[in-house]
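Architecture at a glance
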Amino acid sequence: GSGVSCLFDVIPSLRKFMTDSTEVDRTEGRNIGGNLMGQRLKYMFCKLIGAISCRSTPLVLVLDDLQWADKMTLEVIRMLMIDPDIHYFLFLGCYRENEVNESHMLSANLNDIREQGINFMTIKVGAIEKESVNALISDVLCLPPSLCRPLSTVVHQKTGGIIMFVRRLLISLNDEGLVWYSLSSHRWMFDLQKIEVKEMSEDVVKHMTEHMSRLPKKMQMGLKLCACLGPKFDTAIVEKVQRGANIGDNFLESCVDDGFLQIKGDSGFYTWAHDQVQQAAYELIPLQQREKFHLLIGSRLFLSTSSAEIDKFIFYIVDNMNRGVTLVDNPQQKYEMAELNLRAGEKILERHSFQSSVKYLMAGIALLENDSWEKKYGLTIRLHDAASEALCATGDFPKLTALAEKPLIYARCFQDKLNIYNNLVRALSSSGENEECISRCVSVLSQLGEFLPKHITPDIYREEVAKVKQALIGQSKQDLLSLPVMTEAKKLTAMRFLNHMLIATYSTNPPLNLLVVFRMVRMTVDFGVCNISAVGFACYGAWLASSPNDEYEGAFTMGRVASDLMKKLCGAEAEILPRIYLLIYGMINIYKEPWQASLCKYSEAFDAGMISGDTEYALSNITLYYMLSLFNCGSNLKETSQSLHKFVKRALQYQHQTAARTLAISEQMAYDLMGLKKNCYEAHFGLDEEALKNFFVRNKLANMARNLYQKIKYVTYMCGDMDAAAKHYDLQEELNANCSVQATTGRTSFFFISTFIDGLIGLYFARKHREDEAKWTHVAEKAIELMKKWTDSSSWNCANKLYLLQAEYFFLQNDERAYACYRASITKAREHKFNHEEGLAHEKLATYLLYKNQHDEALQHFQNAKKCYATWGANVLVQRVEKAITILSPLCVGSI
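Residues numbered from 1 in each chain as written. Predicted model: local features only at pLDDT ≥ 70, side-chain atom pairs only at ≥ 80, totals over all residues. Heavy atoms only, no water.

1. A short note on the overall build of the protein chain
- Across its full length, the protein chain carries 44 helices and seven strands.
- With the C-alpha coordinates aligned to their principal axes, the bounding extent of the protein chain is approximately 120 × 75 × 50 Å.
- Relative to its full complement of 896 residues, the protein chain shows a buried share of 51%.
- Considering only intrachain contacts with a sequence separation of at least 6, the fraction spanning at least 24 residues in the protein chain is 68%.
- Surface accessibility of the protein chain: about 41400 Å² in total, with carbon and sulfur atoms responsible for 52%.
- The averaged location of the 103 negative side-chain charges in the protein chain is 1 Å from the averaged location of its 99 positive side-chain charges. (Helix = DSSP H or I, 4+ residues; strand = E, 2+ residues; numbered from the N terminus. Buried < 20%, exposed > 50% of the residue type's maximum accessible area, 1.4 Å probe, protein only. Contact = heavy atoms within 4.5 Å. Areas by Shrake-Rupley, 256 points an atom, 1.4 Å probe, with all protein chains shown as cover. Lys, Arg positive; Asp, Glu negative; His and termini not counted. Charge placed at Lys NZ, Arg CZ, Asp CG, Glu CD.)

2. Side note on the pattern of salt bridges
- In this structure the tally under the stated criterion is 42 salt bridges.
- Residue R78 pairs with E75 through a salt bridge whose shortest N-O separation is 2.7 Å. Of the two residues, R78 and E75 are both situated in helix α3 (residues 71–82); the distance of three residues between them amounts to about one turn of the helix. Residues R78 and E75 agree in their burial class; the two are buried.
- Beyond isolated ion pairs, a larger network of salt bridges with shared partners links E450, E464, K491, R519 and R522. (Salt bridge = Lys/Arg side-chain N within 4 Å of Asp/Glu carboxyl O.)

3. Details of empty space enclosed by the protein
- According to the stated counting rule, one finds four cavities of 30 Å³ or more in the structure shown.
- Considering the residues around the largest cavity, the lining is formed by M627, F631, T662, I665, S666, N707, Q710, K711 and F750.
- Among the secondary structure elements, those contributing two or more residues to the lining of the largest cavity are α31 (615–632), α33 (657–674) and α36 (702–718).
- For the lining of the largest cavity, the residue count by class is four nonpolar, four polar and one charged. (1 Å grid on protein atoms, 1.4 Å probe; cavity = no way out; pocket = protein on both sides within 12 Å on 5 of 7 lines; lining within 4 Å. Points joined across faces, edges and corners; volume = space filled by probe spheres on them. Nonpolar A, V, L, I, M, F, W, Y, C, P; charged D, E, K, R; others polar.)

4. Comments concerning the packing of aromatic side chains
- One pass over the full model with this rule turns up 28 aromatic pairs.
- Residues Y626 and F647 carry aromatic rings whose centres are separated by 5.7 Å and whose planes lie at 50° to one another, so their mutual orientation is tilted. Here the residue Y626 occupies a position in helix α31, and F647 occupies one in helix α32 (residues 637–653), the gap between them amounting to 21 residues.
- With relative accessibility at 11%, the residue F647 sits in the buried group.
- Taken together, the ring pairs connect Y552, Y591, W595, F751, F752, W790 and F834 into an aromatic cluster.
- Directly above the ring of Y360 sits K359, whose terminal nitrogen or CZ lies 4.7 Å from the centroid.
- Over the face of the ring belonging to F751 we find R747, whose NZ or CZ atom lies 4.3 Å from the ring centre. (Phe/Tyr/Trp six-rings, centres within 6.5 Å; stacked < 30°, edge-to-face > 60°. Lys NZ or Arg CZ within 6 Å of the ring centre and 35° of its normal.)

5. Things to note about helix α39 (residues 773–793)
- Along its 21 residues, α39 runs 31 Å from first to last C-alpha, staying within 8% of the 30 Å computed at 1.5 Å per residue.
- The set of residues buried in α39 consists of W776, T777, V779, A780, A783, I784, M787, W790, T791 and S793. (Expected span 1.5 Å × (residues − 1).)

6. Section: unusual backbone geometry
- Despite not being glycine, H186 shows a phi value in the positive range, around 55°.
- Topologically, H186 is positioned in the loop between β3 (179–182) and β4 (187–190).
- A relative accessible area of 61% places H186 in the exposed class.
- The phi dihedral of N853 falls on the positive side, at around 65°, and the residue is not glycine.
- Relative to the assigned elements, N853 resides in the loop between α42 (835–851) and α43 (855–872).

7. Re the pairing of β4
- In terms of strand pairing, β3 meets β4 through four bridges, oriented antiparallel. Bridge pairing in β4 places V179 opposite F190.
- Hairpin connection, β3 to β4: the antiparallel pair is bridged by four residues, and H186 has positive phi, about 55°. (Pairing = 2+ DSSP bridges.)

8. Describing the sheet that holds strand β5 (residues 232–234)
- Taken together, the three strands give an open sheet; going across it, the order is β5-β7-β6, and neighbouring strands pair in antiparallel fashion. Bordering the open sheet on either side are β5 and β6 (261–263), each of which pairs with just one other strand. Direction aside, the axes of adjacent strands within the sheet are offset by 30° on average.
- The pairing of β6 with strand β7 (residues 269–272) spans three bridges and is classified as antiparallel. Along β7, the bridge assignment pairs I263 with Y270. (Axes fitted to C-alpha atoms, helices over the stretch in contact; angles between N-to-C directions.)

9. Regarding a nonpolar patch on the surface
- A cluster of nonpolar side chains, V60, V62, L90 and L92, forms an exposed patch at the surface whose accessible area comes to about 330 Å².
- Elements represented by at least two residues in the nonpolar patch include exactly β1 (59–63) and β2 (89–93).
- Note on placement: L90 falls in strand β2. (Patch = residues over 30% accessible without salt bridge, like charges linked within 9 Å, V, L, I, M, F, W, Y side chains within 5 Å.)

10. So, the pairing of β2
- Sheet topology note: the β1/β2 ladder contains five bridges and is parallel. Within β2, the position partnered with V62 by the bridge is L92.
- Since β1 and β2 lie parallel, the crossover through α3 that links them has a hand, and here it is right-handed. (Right-handed = clockwise from strand over helix to strand, strands pointing away.)

11. Digging into the packing of helix α6 (residues 145–159) against helix α7 (residues 163–175)
- α7 packs onto α6 with a crossing angle of 120° between their chain directions and a minimal axis gap of 9 Å. With respect to each other, α6 and α7 are oriented oblique. The way α6 lies across α7 gives a crossing that is right-handed. Each of V155, K158 and T159 in α6 lies in contact with α7, whose residues at this interface are F165, V166 and L169.
- Looking at the contact of α6 with α7 residue by residue, the class counts come to four nonpolar, one polar and one charged. (Parallel < 35°, antiparallel > 145°, perpendicular 65-115°, else oblique. Left-handed = near helix turned anticlockwise from the far one by under 90°.)

12. Thoughts on the state of the cysteines
- Summed over the entire model, instances satisfying the criterion amount to zero disulfides.
- In this model C228 remains outside any disulfide bridge; the closest cysteine sulfur is found in C226, 9.3 Å from its own.
- The exposure class assigned to C228 is buried, which follows from its relative accessible area of 8%.
- Free cysteine: C868, not disulfide-bonded; nearest cysteine sulfur from C633 at 16 Å. (Disulfide = S-S within 2.5 Å.)

13. What to know about the layout of surface pockets
- By volume, the second largest pocket amounts to about 360 Å³.
- Every residue lining the second largest pocket is counted, 17 residues in all, and those nearest its centre are G720, E843, K844, T847 and R880.
- Of all the secondary-structure elements, those providing two or more residues to the lining of the second largest pocket are α36, α42, α43 and α44 (875–888).
- Considering every element that reaches the lining of the second largest pocket, the biggest residue donor is α42, with five residues.

Shown next, in the form of structure tokens:
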């Protein structure tokens, strides 16, 4: 399916299992950024494992030597372990305990897995027991176990039962004549006395090195050369390395026969029988000569390799040269090595192996002389450009920030600084340093001729609104879609940095966020369209929908322009699809189209985002899916809570705390209404609801605090705890009044429900006729006014809510029109599939009828409310209504 091509580079043999129908374009994803490609690769690998493993074919994955695993590998392991969609899968990882301490990356990774509630077993694999050694020797020598016991006891004592050590010792004893085959006796014999006094190293590697040191000089030289080539090499590279060194004609075959090397099928590639065999061969090189030996091998390879072959052998060359870099004094040779490191770094960067590319590129930068910005400018700027890209992809933002200092000072022109700036602002945005990100973007944009004010006054805001509206006068949907493609390099770059600002300003500087949106739209009209233009139009549409003038039709048009433009410029599988859908279906179409129609679009955006690696917007779409599903559409609570739990884990898997917390709030809302004594906050974050609320307030996470207040307000209102509902309404309003961070660019569907509940709370307390009656009446009237506007735009979504608010308002005024409005609310809720709100309308009508002393009809509506709540799965509400039914039944005419 889509996205599978990224796995072919890391698992080439996967192609053998793919039919022609699943083969995809190799250019797929070529424009995806480094950090997104890394996320995409991890997601697709998890999908692959999930697709393979099932009840009938469980899967076991074994990885050895985890002590050497890089960050990417450990991250994939973590994600496999906590992926909620992977079942019937067993992972076995092996590592050397003596090489892994508490500060090791592997230890941190295992702790993360444990904190996610994943149980795993640690098994310490020690040496084999004495009886096992005896059985082994008995099989090897073809002697009864009783005859082998004296020898096996000595062997176990000298080797400690380490299996590789046992094997090497037996070979060594045979070579030295201490174990031999007797032709006269027709059996293996051994000199136990000499074996007992034989001195042995306790180190397996040292012992094997001692054994290798007794081999012929040619063999030793070959082993030393191959040890420097790494864990895997082919015949061609050995032939190049051995030039000038006599290692014999049958060296590789002899190594295979002696058990040092293994050949991989007919591929021509050789691997060491064990990494300790390679280490033993490497120990043959005296410590003080190793750097010189590596430099010699690297230089020999470089000089004997043609320019056409250099890419094939680049990593062997560079790896060895870098090991001897301290011996290189000549500036010209350093620059040549820096060029080779750049070539290696860029090559491996294309394969999305970002950690390895950082190693080569930073090594290349370290080789530059102080005057490289003058003498080798092209090489220097290319190294810094590529290194900034790799560091941004790995998330090493402190190192990237430090790296960016010199090119921003010494680059000869502004154009040469742009890629560094681009990666720097991406890093600042990803690490949450939004103010610095905004400042850098404003500076870059000013140099590109796009000036943005630092302080936005009402006059500036009105002026910018007037400019963008003037630019769009007379521009139909077709006119906007027919605009030429933007070609001017400066404007394309400006759009890219405006896009960075769009993300950074959304939560920290809403007024500036709007100016960025307006500027993107104006630049598109003036200079042509690019893929970012689609984002600009979608944001502009979201603003139109939430602006005081409520320009819903204009917003809807802009949403369609954004969608069509995305398909036109980027194709059906656009990288920006999750973002565009988030804006269109999360902030625009909710004012016009049935809410239920948006659910499938959120799911589509989630899948597209995960495949492209844009996990942030993928998870943002799924949070909107569940908010809409639960609060707006009234999906079954039990089924939805089960899916929600899985997606909270998914968000934590990708370390997106904001998405995880938002989803957890929805999950807890479902549990509360179901009447379950579950605390999902404790399960996911180790906090209860009050502690989570305090955490949000303390850390100034205004949007998260607002979401939690709205959830509590909703649940407490629905459960009849009106004082708690009023308290959290006040907390929400206080937060809005004191917090400048408000999403003015667009509102999500929950704003409708929050306004609806606010109105109902206001009407409840207004009927109490207390001293705050005027306050609550105003709250209700404001909610009714907004709901009227929304109903005019989308009767499907809002008519039942407006009718219920009007019914409650008429109830407050003792107006007989209340009854008709209650009935209309019930009818509209049923027709438009809002089962939970149909139940609420029945319950409210029953309460009204009780006030009118119409007990029989009130009982009928209580019973209808119970059915609706039961279908919803809200057991708490069912139990409350049942109490009312129990009390009311004896008062009815038909009761027995």
